[in-house]
Amino acid sequence: MNRRQFLAVAGGGVVLAAGAAVGTGATRTPSTALRPWSDAGSLYEEPRRKALSFAILAPNPHNRQPWLVDLATPETIVLRADRDRLLPHTDPFNRQITIGLGCFLELLDMAAAADGYRVSIDVFPDGASATALDDRPVAVVRFSQDPTAAPDPLFAHVLARRSLKEPYDTRRQVADGVLRRLEQAGRHGTRIGTTNDAATVSALRTLTSAALDIELQTPRTFKESVDLFRIGHREIDANPDGIDFSGPLFELLHLTGQMTREGTLDTTSSMFAQGRAAVLENTVTAMAHVWQITRTNTRADQIAAGRDWVRINLAATAAGVSTQPLSQALQEYPEMKKLFAE
């Protein structure tokens, strides 16, 4: 069983896994990879699998989809991290991966409620290491039918949620009212702040661009991303995880040899220069910023951060605002130390 195409279920069977982001207007659409977005909620009657078909659409670092579930116990899901799908260079302590697992749990909770079920989520019931995820459960989730359960209003936007990889429209301001809605989206204890103040936005553009540039210019962290490039619909369908490049332009560049992993890794090449400029255009055009703060940095805090992050992402979708997480300045490898402190 190819775990890049399916969510492994220790109790038997599979659940179709989340696909790469939509290549809007693509003439060669990665149709297999996109099936989970169209099939979510429609393939399963069993409540756990039905909820999982939404949970696997969660945002997560580099779209690694680092979740494994065990359904052996009735009305229960045991969630573990797939340690074959970590990011050791950019995420050495698995903090970002844990945040992604928090996003997964929040969508699972939302989907269960929309189906008339309550879930109790016991996070890291057997404890956890602060330095690395291991084989111990990330969470034990128990389902119980509840006729009073009601859908979360944000759940209506799960299938439309995306992370923007393109430049923002600098002609459009983000309204104060929208930012207030994002600040109010959290439910799990993270402190959420926002700004559209021009001077502060400018400073944060500079910080996030510099951090992203360090990730691009550090060979091992950049290669970690390049190894996960999925270029064109065939690669995306074969491995619907990682960082997708879909649509007519990327198909043409790939077919003509103008976009290769080898060329991208060569920091002296025009291919690298063009890619770097395209990536940084996302950070330098941001029109507002939103951040989350936790009091400490425990594994439970990281799960809570993920649960609230996906809620912010859904609230932004509901408001017609695009978002992109910029976590590079918080990464814990030596080259990032100065910006981390800043």
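Above this text sits the structure in question.
Residues numbered from 1 in each chain as written. Predicted model: local features only at pLDDT ≥ 70, side-chain atom pairs only at ≥ 80, totals over all residues. Heavy atoms only, no water.

Engineer: Teacher, can you tell me more about the overall build of the protein chain here?
Structural biologist: What the protein chain contains, in helices and strands, is 12 helices and 10 strands. A compact globule built from 342 residues should have a C-alpha radius of gyration of about 20 Å, and the protein chain, at 20 Å, falls within 12% of that. In terms of overall dimensions, the protein chain has a C-alpha envelope of 55 × 45 × 40 Å along the principal axes. Counting every position in the protein chain, which comprises 342 residues, the buried fraction comes to 50%. For the protein chain, the share of sequence-separated contacts (at least 6 apart) that also reach a separation of at least 24 residues comes to 70%. With an accessible surface of roughly 15900 Å², the protein chain has 53% of that area assigned to carbon and sulfur atoms. Positive and negative charge centroids in the protein chain, built from 37 and 39 side chains respectively, lie 1 Å apart. (Helix = DSSP H or I, 4+ residues; strand = E, 2+ residues; numbered from the N terminus. Rg over C-alpha atoms; globule rule 2.2 N^0.38 Å. Buried < 20%, exposed > 50% of the residue type's maximum accessible area, 1.4 Å probe, protein only. Contact = heavy atoms within 4.5 Å. Areas by Shrake-Rupley, 256 points an atom, 1.4 Å probe, with all protein chains shown as cover. Lys, Arg positive; Asp, Glu negative; His and termini not counted. Charge placed at Lys NZ, Arg CZ, Asp CG, Glu CD.)

Engineer: What exactly am I supposed to notice about the nonpolar core here?
Structural biologist: Here is a general trend for soluble globular proteins: nonpolar side chains tend to be buried in one another's company. The biggest cluster of nonpolar side chains holds 54 residues, and the ones touching the most others in it are Ile77, Leu79, Leu101, Phe104, Leu108 and Phe143. Sort the elements by how many residues they give to this core and helix α3 (residues 95–114) lands first, with 10 residues. Non-local contacts of leucine 108, meaning those with residues more than four positions away in its chain, are made with Ala51, Leu52, Ala55, Ile77, Val141 and Phe143. In this structure, Leu212, Leu216, Ile231 and Met259 belong to the second largest nonpolar core, which totals 11 residues. (Core = buried A, V, L, I, M, F, W, Y, C linked by side-chain atoms within 4.5 Å.)

Engineer: For this particular structure, what's the right way to read the pattern of salt bridges?
Structural biologist: Should the charged atoms of two oppositely charged side chains come close, the side chains can pair. The final tally for this structure, using the stated rule, is 21 salt bridges. Residue aspartate 115 is joined to lysine 50 by a salt bridge in which the shortest nitrogen-to-oxygen separation is 3.3 Å. Here aspartate 115, found in the loop between α3 and β5 (117–123), pairs with lysine 50, found in helix α2 (residues 47–55); they are 65 residues apart in sequence, far enough to count as distant. Between aspartate 169 and arginine 171 there is a salt bridge whose closest N-O contact spans 3.0 Å. A relative accessible area of 74% means that arginine 171 is categorised as exposed. (Salt bridge = Lys/Arg side-chain N within 4 Å of Asp/Glu carboxyl O.)

Engineer: Where do I start with the layout of surface pockets in this structure?
Structural biologist: The gaps left among the atoms become clear once a water-sized probe is rolled over them. Put simply, the second largest pocket is a space of about 220 Å³. Along the walls of the second largest pocket sit 15 residues, with Asp109, Ala113, Arg118, Asp152 and Arg187 positioned nearest its centre. Elements supplying a minimum of two residues to the lining of the second largest pocket: α3, β5 and α11 (299–318). Sorting elements by how many residues they give to the lining of the second largest pocket places α3 first, with 4 residues. (1 Å grid on protein atoms, 1.4 Å probe; cavity = no way out; pocket = protein on both sides within 12 Å on 5 of 7 lines; lining within 4 Å. Points joined across faces, edges and corners; volume = space filled by probe spheres on them.)

Engineer: Even after reading the chapter, I still don't get the environment of asparagine 94, so can you show me in this structure?
Structural biologist: The topology assignment puts asparagine 94 in the loop between β4 (76–81) and α3. On the basis of relative accessibility, which here comes to 4%, the residue asparagine 94 falls in the buried class. Linking asparagine 94 and threonine 131, residues 37 residues apart in sequence, is a C-alpha distance of 7.4 Å. In this structure, asparagine 94 is in contact with Leu86, Ala132, Leu133, Arg299 and Gln302, ignoring residues within four places of it in sequence.

Engineer: Looking at this structure, I do not really get the pairing of β4. What am I missing?
Structural biologist: The side chains of a regular strand alternate between both faces of the sheet. Among the 6 residues in β4, 5 count as buried, and that is most of the element. Here strand β3 (residues 67–70) pairs with β4 via 4 bridges, running antiparallel. Bridge pairing in β4 places tryptophan 67 opposite alanine 81. Joining the antiparallel neighbours β3 and β4 is a turn of 5 residues, in which glutamate 75 adopts a positive phi near 60 degrees. Bridging between β4 and strand β6 (residues 139–145) involves 4 bridges; their strand directions are antiparallel. Note on β6: the bridge partner recorded for valine 78 is valine 140. (Pairing = 2+ DSSP bridges.)

None of this, on its own, says anything about what the molecule does.
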